[in-house]
Amino acid sequence: MKMDDESIKQNKENLILENVVREEEFGLNDELAELQADYEKLLLEYRTKVEEKKIEKLRGQLKHI
Amino acid sequence: MKFENFNNTKENKKKEGVGQLGVFEQQETKQSLSGILKAAFEKIKGKCAPLMQPESDQEKIDSSIGLDNNETEEIRKELAPKFLEIKQRASTLENIAEEKFGLVSSSEDSVGETGSLEKLRVRMQYEKDEREKNERWAEQRFKTLNVQDKVTEGATPEEIEEAIKQNIPEFSPQRKRMERVSEKYKKSSEAVKKHLDKYSSTEESFEALCGFKANGKVEMRHGASDITFVVEDENDFSRVVRGKESLSERELIEISWIGGAVATNKDVPEEFRGAGLIVLSRDGMEKTREQLGDIETHERQHVTNGLYDGEKRGALKYVSIEEIKKAPENEKREKILSYFLYKRQYADNNKMSDELLAHYKGLDFANEDEVHKKITANLVISYREKFYGPTVEAERRVLERLGIEKSLVEECVAEIFRDDSWRTTRDALEGLRKLERSGFSKDQAINLVQLEPLSEWGNVADKLIEHKDKKPA
């Protein structure tokens, strides 16, 4: 079986497309990384607030001891 | 397009003795391509999923700290809008990924027929071409910005001419436009220089430019292409602004609200009229030095905008009266809207954009949202009548003569000259703010939209921000 011109052309086009897909993926991954970082920050904010609440609760309990 | 060898596995090919690299590449590309597409989509989808359901992470945090759901409910409520925003962003990202990578179904993948892949290939290639085109455009736009920066800095006309030669290719549309800007700048600079050489005192200078001797104290300063007088006497101010000595009561009230203006009256020498003569009133509104400074900045921006007059080209399609006349009843509304939009273009690209940039330059953006609302409301409400009024009146009469129902005309007037104008101005301002937020200076943000129609400022800002890496350091 031989590689005809049409197949070579097709092969080349697919390689180009593969690169395009990877570039697209790369771009979306950047956005995703930014979004994940924001989410992590928000979780940290949540954690801080929950910790504060816990400290508040513990203080209340200490008062009663 | 077909993949002749698609059903042959790598192993089979080896057995057949066709182990040429090309054949394997072809096969692998096809397989890996679908794989890549799916993997890309699945990866994004998988990573977005937890961001859309933060409850699980919240529960983990609660239990690690030792509180239960009820105890943290208040905190969850407080942070709910922020988590919602993350959810929405994740959902948008997932949709984009689906749109980009989710087109190929497994059945199509396994057949060799490439209908969907072909569509995807064409679309992705188109997007890539567009991106490259935008990249080239942004690269050139940033070079043009180098020239505009020089204008803003007050460089000499020779320096600006040299910068044009170095930065903008000959015969390009931007070259022509910047050459016209440079020519106007040169004329104004020469006029300022000539005037300053001729008149040594502020009093003489004021008289020569305003056409009368000032009653009160006058302060003078100048830029490369403008001269500014700060006057203390209200009558001196109103006379330069209105071009006449006695004003009606209404005019006096109006003028008391104006802090400064670019002088346009007939007594002002032609080379300065509406171009490089600014007059500010120290008295009118008992202004502080800061307020006066803001007004001066605003008026100077008007002078700079004047250099770009006529350079913002609208790209809207012209809709003729004939087209409205011939349109079937159910298409008339659409035609009238397009017709009005076209008619609004001139005012938007010359008057509204001029005011928007001058307001933007002159205001402190410490409280961004407030200023945003203030500028949009101020411009659209205060200037709507002034900028669009005559056009609206004329067009109402034209459409009336065509026998178009009055209620339809009024509905279209409200849509284009009120609602859509508000949206356009808001988006344009948001474009400027986005540019500034992404690291451009206020002057650069202004310069980057100076050559673009008002309705495009938001898009232009997005494109430039996307290709910001093309900006020379």
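This text follows the structure it describes.
Residues numbered from 1 in each chain as written. Chains lettered and ligands numbered in written order. Predicted model: local features only at pLDDT ≥ 70, side-chain atom pairs only at ≥ 80, totals over all residues. Heavy atoms only, no water.

## Observations regarding the overall build of chain B
- Per the secondary structure count, chain B includes 18 helices and 4 strands.
- Of the contacts formed within chain B by residues at least 6 apart in sequence, a portion of 67% connects residues at least 24 apart.
- Carbon together with sulfur atoms contributes 48% to the accessible area of chain B, which is approximately 25,000 Å² in total. (Helix = DSSP H or I, 4+ residues; strand = E, 2+ residues; numbered from the N terminus. Contact = heavy atoms within 4.5 Å. Areas by Shrake-Rupley, 256 points an atom, 1.4 Å probe, with all protein chains shown as cover.)

## Re the environment of B:Ala347
Residue and element names in this part refer to chain B.
- Along the chain, Ala347 falls in helix H14 (residues 329-362).
- When the C-alpha positions of Ala347 and Thr391 are compared, they lie 9.1 Å apart, and in sequence the two are 44 residues distant.
- Those residues in contact with Ala347 that lie beyond four places of it in its chain are Met352, Phe387 and Tyr388.

## Notes on a negative patch on the surface
Residue and element names in this part refer to chain B.
- A cluster of like negative charges, contributed by Glu153, Glu158, Glu159, Glu183 and Glu190, occupies part of the molecular surface.
- For the negative patch, the elements supplying multiple residues, two or more each, are helix H7 (157-167) and helix H8 (173-198).
- Secondary-structure assignment places Glu183 in helix H8.
- Classification of Glu183 by relative accessible area gives partly exposed; the value is 41%. (Patch = residues over 30% accessible without salt bridge, like charges linked within 9 Å, V, L, I, M, F, W, Y side chains within 5 Å. Salt bridge = Lys/Arg side-chain N within 4 Å of Asp/Glu carboxyl O. Lys, Arg positive; Asp, Glu negative; His and termini not counted. Charge placed at Lys NZ, Arg CZ, Asp CG, Glu CD. Buried < 20%, exposed > 50% of the residue type's maximum accessible area, 1.4 Å probe, protein only.)

## Regarding H8(B)
- If you check H8(B), its first and last C-alpha atoms are 38 Å apart, about what 26 residues at 1.5 Å a residue would give, namely 38 Å.
- If you check which residues of H8(B) are buried, you get B:Gln174, B:Arg175, B:Arg177, B:Met178, B:Val181, B:Ser182, B:Tyr185, B:Ser188, B:Ser189, B:Ala191, B:Val192 and B:His195. (Expected span 1.5 Å × (residues − 1).)

## Some details on the pairing of strand E1 (residues 218-222) of chain B
All names here are of chain B.
- Across 5 bridges, E1 lies against strand E2 (residues 227-231) in antiparallel orientation. Of the residues in E2, the one forming a bridge with Glu219 is Val230.
- Counted between consecutive antiparallel strands, the loop separating E1 from E2 contains 4 residues. (Pairing = 2+ DSSP bridges.)

## Focus on unusual backbone geometry
- A positive phi is found at B:Phe171, a non-glycine position, where the angle reads about 70°.
- Locating B:Phe171 in the fold gives a position in the loop between H7 and H8.

## Re the sheet that holds strand E3 (residues 260-262) of chain B
All names here are of chain B.
- An order of E1-E2-E4-E3 is seen for the 4 strands of this open sheet, with the pairing classed as mixed. In this open sheet, the two edge strands, each paired with only one partner strand, are E1 and E3. Here the average twist between neighbouring strands, direction ignored, is 15°.
- Bridge count for E3 against strand E4 (residues 277-281) is 3 bridges, and the pairing is antiparallel. Among the inter-strand pairings, Gly260 is bridged to a residue of E4, identified as Leu280.
- In the packing of helix H9 (residues 202-210) onto the sheet, the strands contacted are E1, E2 and E4, and the crossing angle to E2 comes to about 105°.
- Those strands touched by helix H10 (residues 234-242) are E2, E3 and E4, and its axis lies near 145° from that of E4. (Axes fitted to C-alpha atoms, helices over the stretch in contact; angles between N-to-C directions.)

## Topic: the packing of aromatic side chains
Residues and elements named next belong to chain B.
- Under the definition given, this model contains 10 aromatic pairs over all chains.
- Chaining the aromatic ring pairs together yields one cluster made of Tyr339, Phe340, Tyr388 and Phe417.
- Sitting above the plane of the Tyr360 ring, Lys442 keeps its charged end 5.2 Å from the centroid.
- Taking the ring centre of Phe440 as reference, the NZ or CZ of Lys468 above it sits at 5.7 Å. (Phe/Tyr/Trp six-rings, centres within 6.5 Å; stacked < 30°, edge-to-face > 60°. Lys NZ or Arg CZ within 6 Å of the ring centre and 35° of its normal.)

## Comments concerning the packing of H10(B) against helix H11 (residues 249-256) of chain B
All names here are of chain B.
- Where H10 meets H11, the closest approach of the two axes is 11 Å, and the angle between their N-to-C directions is 100°. In this view, H10 runs roughly perpendicular relative to H11, as classed from their interaxial angle. In this structure, H10 contributes Phe237, Ser238, Val241 and Arg242 to the contact, and H11 contributes Glu251, Glu254 and Ile255.
- Residues belonging to the contact of H10 with H11 are distributed by class as follows: 3 nonpolar, 1 polar and 3 charged. (Parallel < 35°, antiparallel > 145°, perpendicular 65-115°, else oblique. Nonpolar A, V, L, I, M, F, W, Y, C, P; charged D, E, K, R; others polar.)

## Regarding the nonpolar core
- Ranked by size, the top nonpolar core spans 41 residues in total, and within it B:Ile336, B:Phe340, B:Leu432, B:Leu435 and B:Trp457 carry the most contacts.
- Looking at this core element by element, the count peaks at 10 residues for helix H16 (residues 406-437) of chain B.
- Those residues in contact with B:Leu432, other than ones at most four positions away along the chain, are B:Leu357, B:Tyr360, B:Ala445, B:Ile446, B:Val449 and B:Trp457.
- Ranked by size, the runner-up nonpolar core spans 28 residues in total, among them A:Tyr46, B:Ile61, B:Leu79 and B:Met124. (Core = buried A, V, L, I, M, F, W, Y, C linked by side-chain atoms within 4.5 Å.)

## Quick word on the environment of B:Pro269
Residue and element names in this part refer to chain B.
- Mapped onto the secondary structure, Pro269 falls in the loop between E3 and E4.
- In this structure Pro269 comes out as partly exposed when scored by relative accessible area, which is 22%.
- Counting along the chain gives 58 residues from Pro269 to Gly211, while the straight-line C-alpha distance between them is 8.6 Å.
- Ignoring any residue separated from it by four or fewer positions in sequence, one finds Pro269 in contact with Ala208 and Leu209.

## So, the packing of H16(B) against helix H18 (residues 457-466) of chain B
Residues and elements named next belong to chain B.
- One way to put it is that H16 packs onto H18 with a least axis distance of 7 Å and a crossing angle of 20°. The orientation of H16 relative to H18 falls into the category roughly parallel. For the crossing formed where H16 meets H18, the hand is left-handed. Two secondary-structure elements touch here, H16 through Asp427, Ala428, Gly431, Leu432, Lys434 and Leu435 and H18 through Trp457, Gly458, Ala461, Asp462, Leu464 and Ile465. (Left-handed = near helix turned anticlockwise from the far one by under 90°.)

## With respect to the pattern of salt bridges
All names here are of chain B.
- On inspection of all chains with the given rule, the structure shows 41 salt bridges over all chains.
- Between Lys133 and Glu130 there is a salt bridge, with its nearest N and O atoms 3.3 Å apart. With Lys133 and Glu130 both in helix H6 (residues 115-153) and 3 residues apart, this pair spans about one turn of that helix.
- Taking relative accessible area as the criterion, Lys133 reaches 45% and is therefore assigned partly exposed.
- Glu130 gets classed as partly exposed once you look at its relative accessible area, which sits at 26%.
- Among the ionic pairs, Glu411 bridges to Arg333, the shortest N-O distance being 2.6 Å. Of the two residues, Glu411 sits in helix H16 while Arg333 sits in helix H14, which places them 78 residues apart along the sequence.
- Owing to a relative accessible area of 40%, Glu411 belongs among the partly exposed residues under this scheme.
- Of the residues examined, Arg333 reaches a relative accessible area of 33% and is grouped as partly exposed.

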